[in-house]
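Survey of secondary and tertiary structure
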Amino acid sequence: MSSPLRFDGKVVIVTGAGGGLGKAYSLFFASRGASVVVNDLGTITDASADIVVNEITSKGGKAVANYDSVEFGDKIVETAIKAFGKIDIVLNNAGILRDKSFTRMTDADWDIIQAVHVKGSYKVAKAAWDYMTKQGFGRIINTASAAGIYGNFGQANYSAAKLGLFGFSNTLAREGARKNVYTNTIAPLAASKMTETIMPPEILASLKPEFVVPLVAYLCHDSCKENGSIFEVGAGFVSKLRWERSRGVVFKADSSFTPSAVARRIGEIKDFKDPVYPTSIMDTDWVGLLEQAKQLKTNEQAGDLSFKDRVV
Ligand code: NAI
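Residues numbered from 1 in each chain as written. Predicted model: local features only at pLDDT ≥ 70, side-chain atom pairs only at ≥ 80, totals over all residues.

**Section: the nonpolar core**
Generally speaking, soluble globular proteins have nonpolar side chains that are buried together. For clarity, the cut-off: Here, a nonpolar core denotes buried Ala, Val, Leu, Ile, Met, Phe, Trp, Tyr and Cys residues that are linked to one another through C-beta atoms within 7 Å. Residue burial is a threshold on neighbouring C-beta atoms within 10 Å of the residue's own C-beta, all placed from the backbone, with 20 or more meaning buried, 12 or fewer meaning exposed, and counts in between meaning partly exposed. Labels follow the DSSP assignment, with helices taken as runs of H or I lasting at least four residues and strands as runs of E lasting at least two, numbered in each case from the N terminus. Here contacts are defined at the residue level, using C-beta atoms placed from the backbone and a cut-off of 7 Å between them.
Core analysis: the biggest nonpolar cluster contains 69 residues, and Ile13, Val36, Val38 and Val216 have the highest contact counts within it. With eight residues, the single largest contributor to this core is helix α4 (residues 107-135). Apart from the residues lying within four places of it in its own chain, the contact partners of Val36 are Val12, Val14, Ser26, Phe29, Ala30, Ile56, Lys62 and Ala63.

Okay, here's the thing in structure tokens:
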């Protein structure tokens, strides 16, 4: 059996760690030797982060609580620096829901979701970034959602934020790669305060937050070189997603390239028989495509709609 992955000497920030997934991450990383900043919003009556910290320290682990909103992520990183002198791993996990059909959604519903998920993840990562790049090690996990990947009724605000975080991760992955600062995204599924109202009890029972932890811990380990990926994870299932692009159609870039020309070849445009799997902006050869387009006869000559029939 291989030896367990350890995190001795590492400093981890877990946002939204008073319960749910964040609590499970905190307990696990502390049990494997890391020092943990347990962040949650909390109030005077809600000492959820302290409860998690006590659970860790009572077992001999190292942890401190922080009650700043992730919108002030610099303060959370400051807590890590003050308590432990550095920051190695950021788990951007804090989250809220403001579900409403798009018809009923207000600007306030939209703004708060973007503030907590997108700005919050940005603020923590931004404050940690220089420490990570200077020390030549960093791991960041951003938390997306299947609702962002596939869409979900009543979650236009949340979906936008969650898939936005995937784009955010992908750029951080590129900018951090040379400095051994790797960023990945997860779309988890777990029973928690957030999901207990929207899932039946028998399903919730098989969705322990602990079943999301192994993937997250693996992605954060020194030995893991995964960067810029997105995984779906929950109930013991772990799967990676990627982009798939059809071969597509090259039209001549002139006035014969009309909506009707697209309509005629939409079957080919949507044909995934022989797909490609782009992983970067450079995977689209625009110069080559332009050359191909130049070589083409006009679509009209090639049998497409006549210019006269063009739908403008
Ligand atoms: P949860 O509701 O149990 O935990 C979220 C925690 O974030 C709460 O303790 C809350 O107090 C804290 N929080 C909220 N706003 C905050 C802020 N501004 N600053 C600091 N802390 C704040 O939720 P759960 O299920 O553990 O979710 C964790 C993450 O996973 C969230 O980002 C959520 O959107 C995402 N997610 C969860 C899914 C699930 O099935 N549980 C599905 C898809 C995504």
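Right, picking up where we left off after that structure.
**Some words on the site of the ligand**
Stated precisely, the cut-off is as follows: Put plainly, near means the residue's C-beta atom, positioned from the backbone, lies within 6 Å of the molecule or strand in question. Any residue that is not Ala, Val, Leu, Ile, Met, Phe, Trp, Tyr, Cys, Pro, Asp, Glu, Lys or Arg is counted as polar, Gly included; the first ten are nonpolar and the last four charged.
In the vicinity of the ligand there are 28 residues, among which Gly16, Gly20, Ala94, Gly95 and Ser192 approach most closely. Breaking the shell around the ligand down by element, the ones donating at least two residues are α1 (20-31) and α4. Residue contributions to the shell around the ligand peak at three residues, all from α1. Class assignment of the residues belonging to the shell around the ligand gives a composition of ten nonpolar, 15 polar and three charged.

**Side note on the domain arrangement of the chain**
To keep it simple, the criterion reads: The split into domains, and so the bounds of each, comes from an automatic or database assignment of domains.
Partitioning the chain into domains gives domain 1 (11-241) and domain 2 (259-309). Here the C-alpha centroids of domain 1 and domain 2 sit 41 Å apart.

**Concerning the environment of Met105**
One can find Met105 in the loop between β4 (89-92) and α4. C-beta crowding within 10 Å serves as the criterion here: with 17 such atoms nearby, Met105 is assigned to the partly exposed category. Spatially, the C-alpha atom of Met105 lies 8.5 Å from that of Gly154, the residues being 49 residues apart in sequence. Discounting chain neighbours no more than four positions away, the residues touching Met105 are Lys100, Trp110, Ala156 and Asn157.

**What to know about the packing of α1 against helix α2 (residues 48-58)**
Inclusion rule: Lines fitted to the C-alpha atoms define the axes, with helices restricted to the stretch that makes contact. Angles between their N-to-C directions range from 0 to 180 degrees. These descriptions rest on fixed angle ranges, namely under 35 degrees for roughly parallel, over 145 for roughly antiparallel, 65 to 115 for roughly perpendicular, and the rest for oblique. Each helix crossing is assigned a hand: it is left-handed if the near helix lies turned anticlockwise from the far helix by less than a right angle, otherwise right-handed if that turn is clockwise.
Where α1 meets α2, the axes come as close as 10 Å, and the angle between the chain directions of the two elements is 20 degrees. Looking at the two axes, α1 sits roughly parallel to α2. Between α1 and α2 lies a crossing whose hand is right-handed. Of the residues in α2, those touching α1 at Lys23, Ser26, Leu27 and Ala30 are Val52, Glu55 and Ile56. Along the lines of polarity and charge, the residues of the contact of α1 with α2 split into four nonpolar, one polar and two charged.

**Side note on the pairing of strand β5 (residues 138-143)**
We apply this condition: Two strands qualify as a pair provided DSSP detects at least 2 bridges between them. For crossovers, right-handed means that the path from the first strand over the helix to the second runs clockwise, given strands pointing away from the viewer.
In terms of residue burial, β5 counts as a mostly covered element, since six of its six residues are buried. Because side chains alternate across β5, one face comprises the buried residues Gly138, Ile140 and Asn142, and the other comprises Arg139, Ile141 and Thr143, equally buried. As judged from the four bridges shared by β4 and β5, these two strands associate in the parallel manner. Each residue of the ladder has a partner; that of Ile89, found in β5, is Arg139. Taking the sense of rotation as the criterion, the β-α-β connection linking β4, α4 and β5 turns out right-handed.

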